[in-house]
Amino acid sequence: MRGTEADAFRLPRHILPSRYDLRLEPDLNAATFAGHETITVAVSRPAREIILNAVELDITSATIDNNRGLSHRATIVLDKPAERCRLTFPSAIPIGTWTLSLSFRGTLNDKLRGFYRSAYKDATGGTHVMAATQFEATDARRAFPCWDEPDYKAVFATTLVIDPALTAVSNTSIISERREGGKKVLQFADTMMMSTYLVAFIVGELEATVPTMVGKAPLRLWCVPGKKHLARFGQDIASFSLKFFETYYGLAYPGDKLDLLAIPDFASGAMENLGAITFRETALLVDEHAATHAELERIADVVAHENAHMWFGDLVTMSWWNGLWLNEAFATFAEMLAVDAWKPEWKRWDTFGASRAVAMIVDGLHSSRPIEYPVRAPKDADAMFDTLTYEKGASVLRMLEQYLGPTIFRDGIRDYLKRHAYGNADTKDLWVSLGRAAKQPVPTLMNGWIFKPGYPLVTVSLGKNGRLRLAQQRFTYLPTSKRSRAAGSQRWQIPIQLRVATATKRDLRRVLMTGAGLQMKVPARVESVLVNEGGHGFYRVRYEPKLLDRLLRLVPDGLAPIERFNLVNDSWASVVAGLMPPAEYLNMTSAFMADRDKNVWAVLLDSFLALHRIMEPARREVFEALVRGRIGPAVAELGWAPRTGDDDLLKQLRGDLLRALGTVGNDQAAQAKASALYAESRKNPAAVDPNVLPALVAVLAHAGDRTRYEEFFARFRAATTPQEERRYLYALGAFQSAELLARTLAKTINGEFRTQDAPFMVRMVLMNVAGREMAWEFVKANWDTMDRLYPKQGLRRMCEGVVGLATPALERDVQKFFRERKIDLGGKTLTQYLEELRIAVAFRERAGKALDRYLHAGR
Ligand SMILES: [Zn+2]
């Protein structure tokens, strides 16, 4: 869709920029910057006005010239709500190529968007300041006036004028460095044609690693002084994944160098600026010998994800924000491919089941949205950065890849990238390329997954006539109302893989389910049927009881880990949706006591935690005993220290189980042991496995008093790695004493926690049964302060914590607050949080009593 002048959020199209020569001079101490730019524009019809984006900038002059000596000065009017600037010339600018020159000033803000300031302390406690940028989705307009929409691609030639003691990094290599009036002037090479949201500049006291060469491009990691020793792991996966993608995509890396920078204040996880990728420190820097498997996996994921974007997003960009999934779903999918190739022993595609499961929670709401969804205002563009775009998108791509075959899929991707390089593309363009490679039409299969919300529940039963019956309907947690009955008749084209086993044979079948139901003949002596073999399908499965029983008998070794994961995960979703009694589920969990798969246990432990939250306090002890019973045998076998031959996943499982035993299982012996081991690790760090240490911290916080709180707060402040800092920070939200949690809440607005972290701490206390009511009162009382202090995406994620306020009275109060304050979090975000809360309250009402009876019946 092309914008018209009447569209409040799309710029008129008769003036097209092709090049920005940009000069910026930041003053870090004064927190301001001065800028000058000349933009080469093509005018395709005479115009007296030029409209472009700018916000919170003071534009002091605007003139337009051509190469025949014509020059006009404009009057400048800023329209703050529209984030635009309107330049009006004395007469119409004729058709042709022109140079628009603008001078402006701005503030280096503290909201971690646009051109912003980040402050950090060094090892001796001295404060330092740096400046960085974050432009996606619509904040380049805060740093320089521009056509700030993804399909206005242009070349950017940046010059930074900085303090000679500092260093600066931008998208491309430095081509000249000189002194000018006591300042250092750095000129960067021209970028390729790219979108404004990918421009970046970082200025500060920075240190870089020795580069590794990937093809012709030097690759380095950057950080603030004193942290370079934490860069090796990140550099390894960065180099590996960049090479991997050059091969997979069949195209060389499109930049002239690649810098990856750790920024002390950073709102999201990372940002794929071409050639200058920025990260929060926890997503890039790590001491690999002191980190857990999960912490290392996260860094590998994020680094590979951003590198994947250099092609998918940077080289080929979605035309508009409705198609954000083309960037993000693909980068998420590609991140798995690269990490799986780097460390096959991590079984990355199995762990991806957990991401798929998170997407299925949101997509199980009536208020879910299609992956591709209309966007107009910047707020709605921001709301697109969610689990549906990333994880559901990646899941359906994986499903399609497995259906078409990995080689055909890859060939389609190569075709798409070659055809649209340096340009923009839409979903239909991807379908055309994949269809060309697959020699079959892709839209019929895929449109239901991309352009419609939700996903199917496939029910499986065995008829007396030796026929297996499958039926599909949309899965939702709450019943379908009359209003949304249309959703009840929604159908998907589901590529189904299933395994039919008899005593002597395992038979793998593939079918494309297109209608409401499907039948197939199976042998008379069928022993088990497993639907969603391999686990790639984005749907849930519900078996009739006798088929479920037969599958449970195969646990653990007769089913693949991802199949066991899906069995537990789908069953748990059925419980929350009221399709399976909680007692039946709890009985079922005993079948998994001999399981040693980290992901299977993750879903089991999450469900125990969810049940513990809704438990009547009087029943908690009995439930805790049940949890100890389920976990106990695995802990007894694995112990507290690694055994020879334990792989990374088993080490992580040990940590996860110990944490659960000491928290949701409230095991006092485990708490005492954790305390002793922790004390030992303070004397000798090598005494405790890195995967176990965070579990000890979590257990001790759960059982901890004021002395422990103060100890952990001090350790948070003195932490020497980003992971250690994060670990002790999060521990401060896990205490059970109201007084201590109140102290944690106070730190979220008094500057003791960084604003990149503070909203997540509030969210954590909202989800903590011991502190949730107090946290909610705190949010209501301090909303305006939080709105002023926190980055916008942080504030949005904080609000998700209301899902923890699962009582009818709190639910009413939450709804009233958001209604009265007229709070809009963009897109459907708030509606989704409120529906999740509704589900939690309904579940508590329904399951609470059933659980009560179950636990009372002498367990
Ligand atoms: Zn991304």
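Now for a look at the structure at hand. Keep in mind that what you see is a predicted model, and the values were worked out from it rather than measured. (Residues numbered from 1 in each chain as written. Predicted model: local features only at pLDDT ≥ 70, side-chain atom pairs only at ≥ 80, totals over all residues. Heavy atoms only, no water.)

### What to know about the packing of aromatic side chains
Under the counting rule described, the total for this entry stands at 44 aromatic pairs. With 3.7 Å between their ring centres and 10° between their planes, Phe312 and Phe330 make a pair best called stacked. Note that Phe312 is positioned in the loop between α2 (293–309) and β22 (317–318) and Phe330 in helix α3 (residues 324–342), a separation of 18 residues in sequence. The pair formed by Phe312 and Phe330 is uniform in burial state, with each residue classed as buried. Residue placement shows Arg726 over the ring face of Tyr730; its charged tip is 4.6 Å from the ring centre. (Phe/Tyr/Trp six-rings, centres within 6.5 Å; stacked < 30°, edge-to-face > 60°. Helix = DSSP H or I, 4+ residues; strand = E, 2+ residues; numbered from the N terminus. Buried < 20%, exposed > 50% of the residue type's maximum accessible area, 1.4 Å probe, protein only. Lys NZ or Arg CZ within 6 Å of the ring centre and 35° of its normal.)

### Points about helix α7 (residues 406–420)
An ideal rise of 1.5 Å per residue puts 21 Å on 15 residues; α7 measures up with 21 Å between its terminal C-alpha atoms. Along α7, the residues that are buried comprise Phe409, Gly412, Ile413, Asp415, Tyr416, Leu417 and His420. Buried-residue contacts for α7 involve α1 (232–249), α3, α6 (387–404), β23 (424–425) and α8 (427–438). Two residues or fewer past α7, Tyr422 is found with a positive phi of approximately 65°. (Expected span 1.5 Å × (residues − 1). Contact = heavy atoms within 4.5 Å.)

### Regarding the coordination of the zinc ion
Protein ligation of the zinc ion involves His305 (NE2), His309 (NE2) and Glu328 (OE), the donor distances falling in the range 2.0 to 2.1 Å. The sequence pattern formed by the donor residues of the zinc ion is H-x3-H-x18-E. Within this pair, whereas His305 is found in helix α2, its partner Glu328 is found in helix α3, the two being separated by 23 residues in sequence. In terms of burial, His305 and Glu328 fall into one category: buried. (Donors = N, O, S within 2.8 Å, 3.2 Å for Na, K, Ca; no water.)

### Overview of the nonpolar core
Residues Phe144, Trp147, Tyr249 and Phe818 are the most contacted members of the largest nonpolar core, which totals 295 residues. If one sorts the elements of this core by residue count, α3 sits on top with 13 residues. (Core = buried A, V, L, I, M, F, W, Y, C linked by side-chain atoms within 4.5 Å.)

### A closer look at the pairing of strand β11 (residues 155–162)
Burial analysis of β11 places 8 of its 8 residues in the buried class, the great majority of the element. Bridge analysis of strand β1 (residues 15–27) against β11 gives 6 bridges, and the strand direction is parallel. By the bridge assignment, Tyr20 is partnered in β11 with Phe156. Summarising the sheet, β11 and strand β14 (residues 183–188) pair through 4 bridges and their orientation is antiparallel. Across the sheet, residue Val161 finds its bridge partner in β14, namely Val185. (Pairing = 2+ DSSP bridges.)

### Observations concerning the sheet that holds strand β29 (residues 528–531)
Spatial strand order, β27-β26-β29: 3 strands in an open sheet with antiparallel pairing. Every interior strand has two partners, whereas the edge strands, β27 (506–513) and β29, have only one. Pairwise comparison of adjacent strand axes, ignoring direction, gives a mean angle of 20° for this sheet. Pairing of strand β26 (residues 494–501) with β29, which is carried by 4 bridges, proceeds in the antiparallel orientation. Directly across from Leu498, in β29, lies its bridge partner Val531. (Axes fitted to C-alpha atoms, helices over the stretch in contact; angles between N-to-C directions.)

Don't take any of this as a statement about function, it's just geometry.
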